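Here is what each chain is made of, one letter per residue.
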Amino acid sequence: MDLFEHLDQTPRNLLPYDGAVYYYGPIISVMDANRYYKNLLENIRWKSDEAIIYGRKITTKRKVAWYGDKPFSYTYSKTTKTALPWIDVLSELKALTEQKSGETYNSCLLNLYHNGNEGMSWHSDAEIDLKKNGAIGSISLGAERKFSFKHKQTGETVTKILEHGSLLVMTGETQTNWLHCLPPTKTVQIPRINLTFRTIQLI
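Residues numbered from 1 in each chain as written. Predicted model: local features only at pLDDT ≥ 70, side-chain atom pairs only at ≥ 80, totals over all residues. Heavy atoms only, no water.

K.L.:
Which residues make up the overall build of the chain, and what values go with them?
P.N.:
Assigned secondary structure in the chain consists of 3 helices and 14 strands. A globule of 203 residues ought to have a C-alpha radius of gyration of about 17 Å, and the chain, at 16 Å, matches this closely. For the chain, the spread of C-alpha atoms along the three principal axes comes to 45 × 40 × 40 Å. The buried share among the 203 residues of the chain stands at 49%. Sequence-distant contacts in the chain: of pairs separated by 6 or more residues, those separated by 24 or more amount to 73%. Accessible surface, the chain: about 10700 Å² in total, of which carbon and sulfur atoms supply 52%. (Helix = DSSP H or I, 4+ residues; strand = E, 2+ residues; numbered from the N terminus. Rg over C-alpha atoms; globule rule 2.2 N^0.38 Å. Buried < 20%, exposed > 50% of the residue type's maximum accessible area, 1.4 Å probe, protein only. Contact = heavy atoms within 4.5 Å. Areas by Shrake-Rupley, 256 points an atom, 1.4 Å probe, with all protein chains shown as cover.)

K.L.:
Report on the nonpolar core, specifying residues and quantitative values.
P.N.:
Within the largest apolar cluster, 27 residues are counted, with the highest numbers of intra-cluster contacts made by Leu40, Leu93, Leu110, Leu141 and Leu195. For this core, the secondary-structure elements that each account for two or more residues are helix H1 (30-43), strand E3 (56-68), helix H2 (88-101), strand E7 (107-113), strand E9 (136-142), strand E12 (166-171) and strand E14 (192-198). With 4 residues, the single largest contributor to this core is H1. Dropping the residues within four chain positions of it, leucine 110 is found in contact with Leu40, Ile44, Trp46, Lys63, Val64, Ala65, Tyr67, Leu90, Asn194 and Leu195. Judged by nonpolar contacts, the second largest core, of 14 residues, contains Val21, Tyr23, Tyr113 and Leu162. (Core = buried A, V, L, I, M, F, W, Y, C linked by side-chain atoms within 4.5 Å.)

K.L.:
Now, about the confidence of the model for the chain: what can you tell me, with residues and values included?
P.N.:
Overall, the prediction assigns the chain a mean pLDDT of 91, with 92% of residues at 70 or greater. Under a pLDDT of 50 for its full length, residues 1-8 has, in the predicted model, 10 contacts with residues more than four places off or in other chains. (pLDDT = per-residue confidence, 0-100.)

K.L.:
How would you explain the pattern of salt bridges if you had to name every residue and give the values?
P.N.:
Applying the stated criterion across every chain yields a total of 4 salt bridges. In this structure, the salt-bridge partner of aspartate 32 is arginine 35, at a minimum N-O distance of 3.3 Å. Placement of both aspartate 32 and arginine 35 in helix H1 is noted, with a separation of 3 residues, approximately one turn of the helix. Given a relative accessible area of 29%, aspartate 32 falls into the partly exposed group. Note that lysine 94 is salt-bridged to glutamate 98, the shortest N-O span being 3.1 Å. Remark: glutamate 98 and lysine 94 occur in helix H2; sequence separation between them is 4 residues, near one turn of the helix. Each of the two residues, lysine 94 as well as glutamate 98, counts as buried. (Salt bridge = Lys/Arg side-chain N within 4 Å of Asp/Glu carboxyl O.)

And the structure:
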């Protein structure tokens, strides 16, 4: 690990080619990260996620929520969600993510992983509802988890541990050329909340 990585204003790109992923490390103090974590656990309208896989409706243990500037529709895994209006804690975290990343966002998909048994398989966030090559700003709260990228053609992988209160930004052609996943692990017993600030394409 580069001991001076987080002293730079612009973190280095984690990907070797065909995309850009910047890890800022913790951007929130431990005290504030703990406060945000508790607030989100208690006040977000969490629901089990649903997906259509090989024609079957699957309900996950992992829970999700979708918020935005407007009641945007967002379709992934052949299911559609309608965005809820921002609440104060999300507006605060959105402003912080925009200030740190230099990007703007109009929506947020949140994931709640209750423990390490819950994860996310290889995928890319390239749905037609999203702005093409738009930035996705990801804040992690709670359990530290491994986050991995895999190039769609070469199979090369890159892995990073996402810390409590940290920010990771995916941009450029990352979604076109790379998959990412949150691997399950038996060593994590506490929840993790992930906020992914995104831009829905306005027509």
